[in-house]
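Working through the structure, step by step
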Amino acid sequence: MPYLLASDLPTESAGKRFRAGLERPGIFQLPGAHNGQAAIQARNAGFDGLYLSGAAMTASMGLPDLGIITVDEVAFFIRQIVRSSGLPLLVDGDTGYGEALNVMHMVRTFEDAGAGAVHLEDQILPKKCGHLNGKNLVSAMDMATKVAAAKKAARDIVIVARTDAAGVEGFDAAVDRAKLYVEAGADAIFPEALNTREMFEKFAKAMPNVPLLANMTEFGKTPFYTAAEFEEMGYKMVIWPVSSLRVANKAQAELYASIKENGGTHKYVDRMQTRQELYDTIGLHDFEELDASIIKTVVPVMPQEG
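Bear in mind the structure is a predicted one, so any value in this text is a computation, not a measurement. (Residues numbered from 1 in each chain as written. Predicted model: local features only at pLDDT ≥ 70, side-chain atom pairs only at ≥ 80, totals over all residues. Heavy atoms only, no water.)

Attention now moves to the overall build of the protein chain. What the protein chain contains, in helices and strands, is 12 helices and 8 strands. What you see for the protein chain is a C-alpha radius of gyration of 21 Å, in line with the 19 Å of a compact globule of 306 residues. The dimensions of the protein chain, computed from C-alpha atoms along their principal axes, are 70 × 45 × 35 Å. The proportion of buried residues among the 306 residues of the protein chain is 47%. Across the protein chain, contacts joining residues at least 24 apart in sequence account for 70% of those joining residues at least 6 apart. (Helix = DSSP H or I, 4+ residues; strand = E, 2+ residues; numbered from the N terminus. Rg over C-alpha atoms; globule rule 2.2 N^0.38 Å. Buried < 20%, exposed > 50% of the residue type's maximum accessible area, 1.4 Å probe, protein only. Contact = heavy atoms within 4.5 Å.)

The biggest cluster of nonpolar side chains holds 65 residues, and the ones touching the most others in it are Ile78, Phe110, Ile189, Phe203, Phe230 and Tyr235. Ranked by residue count, the leading element in this core is helix 4 (residues 71-85), at 7 residues. For Tyr235, the contacting residues outside a window of four places in its chain are Ile27, Pro191, Leu194, Phe200, Phe203, Ala204, Leu212, Leu213, Ala214 and Phe230. Counting 14 residues, the second-largest nonpolar core is a separate cluster that includes Phe28, Tyr51, Ala188 and Leu213. (Core = buried A, V, L, I, M, F, W, Y, C linked by side-chain atoms within 4.5 Å.)

Next up on the list: the sheet that holds strand 6 (residues 188-191). Taken together, 5 strands build an open sheet; the order of strands is 2-3-4-5-6 and the sheet is parallel. The strands lining the two open edges of the sheet, one partner per strand, are strand 2 (50-52) and strand 6. The mean angle between the axes of side-by-side strands here comes to 25°, regardless of whether they run parallel or antiparallel. (Pairing = 2+ DSSP bridges. Axes fitted to C-alpha atoms, helices over the stretch in contact; angles between N-to-C directions.)

The buried count for strand 5 (residues 158-163) comes to 6 of 6 residues, which makes it a mostly enclosed element. In strand 5, alternate side chains face the same way, and those of Val158, Val160 and Arg162 on one face and Ile159, Ala161 and Thr163 on the other are all buried. By the bridge criterion, 5 bridges tie strand 4 (residues 117-121) to strand 5 in an arrangement that is parallel. Bridging across to strand 5, Ala117 finds its partner in Val158. When strand 5 meets strand 6, the two strands line up parallel, connected through 4 bridges. Its bridge partner being in strand 6, Thr163 is matched across the sheet by Pro191. With helix 7 (residues 171-183) bridging strand 5 and the parallel strand 6, this β-α-β connection has right-handed handedness. (Right-handed = clockwise from strand over helix to strand, strands pointing away.)

Leave glycine aside and you will find that most residues have negative phi; peptide bonds, for their part, are mostly trans. One non-glycine residue, Ala193, lies in positive phi territory at about 65°. With respect to the helices and strands, Ala193 occurs in the loop between strand 6 and helix 8 (197-206). In the Ramachandran plot, Phe219 falls in the positive-phi region, its phi being about 60° despite a non-glycine side chain. Tracing the sequence through the fold places Phe219 in the loop between strand 7 (213-215) and helix 9 (227-233).

Here's what the structure looks like:
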């Protein structure tokens, strides 16, 4: 039912529900959802947690993932995803949008918006996608200070510390940084851009009893592994950060090309979500039933030539 009904809202905070997902057996699968519609579709497919990627978010806005957007812009995406799906959400917090006080402001804003977890990374602004070259890192102590600040600001929200050190300073440095971040208060660790099974397994062995997050992004440095394979390697969470946006963007480009070539959408209709499917997904009739003054929508039948 719609989020407007208080009786259908979760009784526990998003942070507590995210922690419950971490504590149960198996790996917590968190597909990326770049907007509210994608979030509903992921939930309907059977997922019980989601991920909001900074790269997907900025790309959907027509911007590169360079730390350009603001805390409030991210909070807008958090609210629509949480509102539409009701699921606990892990959010990409980039570098924390500044230093310690900025990090604390980010955590409070994201938790108030409904996020269940947030990760922040040890890059220097302007930051880059973790699978690209040319990344620069803050000192390990500066990042640890940010983690400690984030933990002070958190009520129930889970704090995940991401390190990009493996591709910059080397594997051992990444492990050392991760251990320092856990000491500073991180609830989980996200080792970015590991590129072999051996590296994933070695990192997990170096961080016993620490929940680890694996990033299964396409077109990056990590080979394709399944959720079950990451679990075997010792990981507790896996994200597919930009997949939903990649599929949507590809389909949109093909649609516009078809309109330009054929003078309309008639060659592409069979690949569209129908009006009925759209209304079913967003629960239009459920909303209508909440207000007796709204006449129930009758889905029109598309006329056919001949």
